[in-house]
Structures are given as structure tokens and as C-alpha cells.
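Here's the letter readout for the chains.
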Amino acid sequence: MLRMESQPLLRGSSARSKLPSWTLFLAVCAVGIGGTFQYGYNVSIINAPTQHIHRFLNETWTNRYHKALNPDLLTFLWSVIASVFSLGGLCGAVVGGSMAIRLGRKGALLMNNIIAMLASILMGISFPTGLFELLIAGRFLIGINSGVGICVQPLYLGEVAPKHLRGGMAMGSSIFLTGGILMGQIIGLRELLGEEMYWPLLLSSSCLPAFAQLLFLPWFPESPRYLLIDRGDELSCVKALKRFHGSSEYGREMEDIQRESFALDGVKAKKPWQLLTDRAVRWQLITVIVMTMGQQLSGINAIYFYATYVFEQAGISAEQIPYVTLGTGACECLTALTCGLLIDYVGRRYLIIGGYLLMTLWSIVLTFSLTYQELYPWVPYVSMTSIFAFILSFGLGPGGITNILIAELFIQSSRAAAYMIGGTISWISFFTIGMLFPFIVNRLKQYCFLVFLLECSSMAAFLFFVIPETKNKSFLAIKKEFHKLNFGRNKKETELYERRQLHDGF
């Protein structure tokens with residue numbers, strides 16, 4: 001069995017088969033700059049101008065109503081500005097899958113940039129017009145843009161990548177997301193656009209990635225899988241495959257797509273509610289829901305919350321903390337790059353389970369080090385080391401692998417709907433943790449990491465027993481791995497399934 005699986009790799013052992021072509025590499029960049037990069041960038045840039053926006057709200061309210069803004073109302077308005085991004089992201093996740101089906105993966109991403117452009121205009125003119133409502137509307141629209149991007153980009157990358165490079169290429173989503181966070185931290189420094197007079201320009205700068213994608217993405221083909229399976233356009237599929245893999249290398253990918261197309265036998269793309277009632281994907285769907293919730297509730301938000309306090313205790317001045325915080329962004333970005341290099345060698349299963357186990361370990365260390373933070377002078381440095389170690393573990397595991405597995409656990413007819421469901425759960429979890437996290441920290445203090453310890457260890461156990469290794473496997477082979485979980489030992493359904501697989505030539 002091992003010998004059979006290694007044969008394709010031996011036959012294609014040229015440098016060309018081990019590395020993506022330039023077209024594939026540049027396609028990842030063109031898709032990423034206006035996709036998950038926007039999500040990371042817009043999550044990050046809102047932190048720098050917090051005090052400036054507070055002053056803008058106060059001044060606008062006073063000029064409009066000739067009275068001071070109530071502190072509670074100020075807090076409420078700021079909460080709306082910050083959290084409406086999540087609401088927009090939820091809406092984007094709901095419509096993203098439908099856009100990918102109707103407009104194509106590439107078409108959906110291009111159309112999505114129009115939303116980003118409009119959002120940038122609204123946020124940019126909110127200050128000169130004195131209308132904070134435009135700021136709220138702009139944050140909502142850029143949230144929709146981020147929700148669509150984080151749904152459609154992994155879909156496109158998972159479908160254009162060859163099997164042996166699928167993990168590394170799909171990691172482009174995480175690499176650009178963390179790159180967006182880091183870029184937002186850099187642009188938000190007071191030496192760049194962090195000064196009070198520049199905050200409208202800072203928030204409206206999200207139009208630049210959108211413009212870059214509109215400029216570069218049209219030069220690259222649509223997803224070959226989408227062209228053949230969803231559109232039935234074999235000629236365009238062949239042209240796209242030749243562009244991505246070369247005239248001499250595209251044949252194997254074409255066979256794989258044709259095999260999946262034949263297995264689907266004309267089945268159209270499913271809706272999310274159809275997926276919820278489909279027994280054949282029951283455990284894949286459960287896995288996606290648990291993984292996306294686990295990623296958001298893993299404690300990464302707590303790490304960033306405590307980072308400033310830990311840095312202060314380590315003797316870093318308040319003026320220098322924003323620069324040290326750049327280290328956390330750089331750490332995430334570096335980890336995403338490392339995961340991209342390792343994923344097709346180590347495998348998805350080992351990385352995601354190992355990531356959660358390491359996060360469990362660092363949660364224990366952080367609980368003790370934060371408890372005894374002021375007892376010994378060296379303890380703050382243990383806390384600081386643990387923060388960076390936790391971020392590294394998150395990036396190597398759930399931060400990088402989750403989106404890739406959503407693409408791999410489903411075949412073409414179910415994939416877009418799975419991303420809609422996964423994206424919806426992710427944004428709801430993101431909003432929920434944002435609302436509940438301050439109360440959790442206020443009540444439990446540093447012991448909040450005990451909650452995250454239980455969550456991370458439970459995730460590791462669940463994934464150990466449920467998820468198979470997907471490295472170097474076709475989408476149909478991965479579907480077959482879940483057959484026993486979905487149908488149990490039901491002999492009639494098992495025989496029916498095996499006959500269908502035999503009939504499909506799998």
C-alpha cells in the first residue's frame with residue numbers, strides 16, 4: 001500500500017512537481033491580497049485609533065446636539081463600531097458560498113472588492129462630514145467583504161492546488177491573514193498613520209488591497225474544478241489546468257477532476273440546509289462545526305488581552321509596548337509560513353492535534369505564571385515566553401489547518417455550502433467571545449486559562465478520534481474515510497455505497 005501511494009511522487013519527482021508553478025504561486029498572492037489579508041488588516045487597524053475615534057464621537061455629538069456625550073452612550077457607540085464588523089462578517093459568510101456558486105470563485109472575489117471600495121469611501125468621509133453613522137456603515141460593509149473573502153479564498157486555493165501541494169498552497173489563506181494583522185499593526189504606528197489627524201486615512205486604506213486584487217486577479221484563470229463540475233465547460237477547464245500546471249503536467253489533475261465529476265453524476269451544488277440533512281456528510285459537518293468553534297474559543301483572544309499587562313510587568317515602557325506587540329504579529333506570520341512548509345510533509349492531523357496539545361500546556365504555564373507574576377522577578381519573563389509560545393502553537397495548529405480541512409473534507413457539490421456553515425459558526429463564535437470575554441476575565445482573572453485548557457484538550461481528543469489524515473488524498477478518498485462514521489455497520493447501506501463507488505470507477 002505504501003509503495004503504491006509513493007509511485008506518483010516517484011514518477012513526478014522533478015523540481016516542477018515538488019514546487020508550485022509561477023502561475024500558481026502568483027495566483028495565491030493575487031487571491032490572498034484581497035481575501036483573508038483584508039480580514040486580518042481590518043481586525044488589526046481598528047486598535048490604533050481607539051482614542052482618536054472616541055474624541056471624534058464626543059466632538060460630533062456635542063456639535064450636533066449641543067451637549068456632552070454620556071460616557072455610557074460613548075461606550076455603546078464604540079462597541080457598535082467595533083462589533084458591527086462581526087455582524088458584517090456573518091452576513092458575508094452567509095452570502096459568500098452563493099456568490100462562489102453563481103459568479104464563480106474568481107468572480108465572487110472580484111465583485112467583493114466593490115464592497116471594500118464603498119466601505120473605504122464611507123469610513124474616509126465620516127470625519128470631514130461629521131457623520132459617525134458612515135463609520136458604522138463602513139465597518140459593516142468591510143465586515144461583509146472580510147466574510148466573503150475568508151469563505152471564497154480557501155475554496156479557490158483548495159480547488160486549484162495539486163494534491164501533493166494542496167496543504168501548502170491552502171496555507172496561503174492563513175499567511176495572508178496573519179500578514180494583514182502584522183501590516184495593520186505597522187501602519188497603525190504613530191510614525192505612520194497612527195496620529196490623530198490620519199485615522200480616517202488609516203481606516204480607508206483597506207481600498208488599496210481591493211484595488212490590487214482588481215488589478216491582478218483578472219489575469220489568472222477560474223478554478224478548473226468549478227469550470228468542469230459546476231459549469232460543464234471542459235475546454236475552459238483544460239485551458240485553466242494548462243495555465244496552472246503546464247501542458248505536460250496537467251493530465252493527472254484532469255483525471256482527478258473528471259473522476260469526481262463522474263462520481264457526482266450531474267448533482268448540483270447543495271444548499272446549506274441540504275447539507276444539514278445529508279447523512280453522507282454528517283460527521284464531516286460535525287467536524288467542521290466543532291473545529292471552527294474550537295478555533296475561535298481556544299484562548300487566542302485572552303493571549304492578546306494579557307499581552308500588554310505581561311509586557312508592562314517585564315519592565316517594558318508604555319511607549320515601547322506597541323513595538324513589542326509587533327512581535328506577536330510577526331510571530332503569527334512566521335508560524336503561518338512555517339506551517340505552510342511543514343503541512344505537506346508532516347500532515348494536517350499531527351499539526352492540528354499537536355497545536356491544541358501545546359496550547360493546553362501553555363495554558364497551564366500561563367495560569368501559574370500570571371498567578372505568581374509579582375512573586376519573583378523572573379516570572380514575568382516566563383509569562384512573556386509563554387505568550388509567544390501559545391501564539392506559535394495556535395499558528396502551527398488550529399490557526400492554519402482549520403480552513404484547509406474544510407476544503408478537503410467535502411467534494412465539489414458540498415464544499416461551498418460547508419464553507420457557508422463553517423463561516424457562519426466562526427463569525428457567531430467570534431462575536432460571542434468578543435461579548436463574553438470581558439466578563440470571563442473580570443470574574444476569573446488569570447484562571448480564565450483553565451477554561452481554555454479544557455477547551456483545547458477536548459478539541460485534541462475529539463480530533464484524535466474523528467479526523468483522518470488527508471495529506472496526498474483525493475477528495476473522493478477522504479469522503480470514503482468518513483463512510484464508517486456516517487453509516488456505522490449498516491450492511492445494506494454499506495453495500496449500496498460500495499456499489500456506487502464501484503460504478504463511479506473510484
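Starting from 1, residues in each chain are numbered consecutively following that chain's sequence as written. Reporting of local features is limited, given that this is a predicted model, to residues whose pLDDT is at least 70; pairs of side-chain atoms are given and counted only at 80 or more, and all residues count toward the totals for whole chains, interfaces and linings. Each side-chain value is worked out from all heavy atoms of the structure, with water and hydrogens disregarded.

1. Some remarks on the pattern of salt bridges
Which entries qualify depends on this criterion: Should a side-chain nitrogen of Lys or Arg be within 4 Å of a carboxyl oxygen of Asp or Glu, the pair is scored as a salt bridge. A 1.4 Å probe rolled over the protein chains alone gives each residue an accessible area, and that area as a share of the maximum for its type sets the label: buried under 20%, exposed over 50%, partly exposed in between.
Counted according to the given criterion, the structure contains 13 salt bridges. Between D278 and K270 there is a salt bridge whose closest N-O contact spans 2.4 Å. Residue classification places D278 among the buried positions, given a relative accessible area of 18%. Put simply, D344 and R348 hold a salt bridge, and the shortest N to O gap is 3.0 Å. Across the pair, exposure class does not vary: D344 and R348 are buried alike. Several salt bridges converge on common partners, so that one network encompasses R105, E159, R225, D256, R259, E260 and R415.

2. Thoughts on the state of the cysteines
Short version of the rule: Disulfide assignment relies on a single distance test, namely cysteine sulfur atoms paired within 2.5 Å.
The final tally for this structure, using the stated rule, is zero disulfides. Sulfur of C151: no disulfide; nearest cysteine sulfur belongs to C91 and is 13 Å away.

3. Details of a nonpolar patch on the surface
Where we set the bar: Patch definition: residues above 30% relative accessible area lacking any salt bridge, with like charges linked at up to 9 Å and the nonpolar side chains Val, Leu, Ile, Met, Phe, Trp and Tyr linked at up to 5 Å. Only the protein chains shown count as cover for residues, with accessible areas throughout obtained via the Shrake-Rupley method and a probe of 1.4 Å. Only DSSP runs of H or I reaching four residues or more are called helices, and only runs of E reaching two or more are called strands; each is numbered from the N terminus.
A contiguous nonpolar surface patch, about 840 Å² in accessible area, is contributed by I364, F368, Y372, L375, Y376, W378, Y381 and V382. Mapped by element, the contributors of at least two residues to the nonpolar patch are α20 (348-371) and α21 (379-396). Its location among the elements puts W378 in the loop between α20 and α21. The class of W378 is exposed, set by a relative accessible area of 52%.

4. So, the confidence of the model for the protein chain
Put simply, the rule is: Per-residue confidence from the predictor is reported as pLDDT, which spans 0 to 100. Contacts between residues were defined by any pair of non-hydrogen atoms, one from each residue, lying within 4.5 Å.
Averaged over the protein chain, the pLDDT score is 84; the fraction of residues at 70 or greater is 91%. Per-element confidence in the protein chain is highest for helix α12 (residues 207-216), whose mean pLDDT is 95, and lowest for helix α1 (residues 2-11), whose mean pLDDT is 36. Within the model, the stretch residues 1-16 combines pLDDT values under 50 with eight contacts to residues more than four positions away or in other chains. Confidence drops under pLDDT 50 across residues 501-506; counting only partners more than four residues distant or on other chains, this segment forms 10 contacts.

5. Quick notes on unusual backbone geometry
Unlike most non-glycine residues, H66 shows phi in positive territory, near 60 degrees. Relative to the helices and strands, H66 is located in the loop between α5 (50-65) and α6 (71-102). What makes H66 exposed here is its relative accessible area of 69%. Unlike most non-glycine residues, N472 shows phi in positive territory, near 60 degrees.

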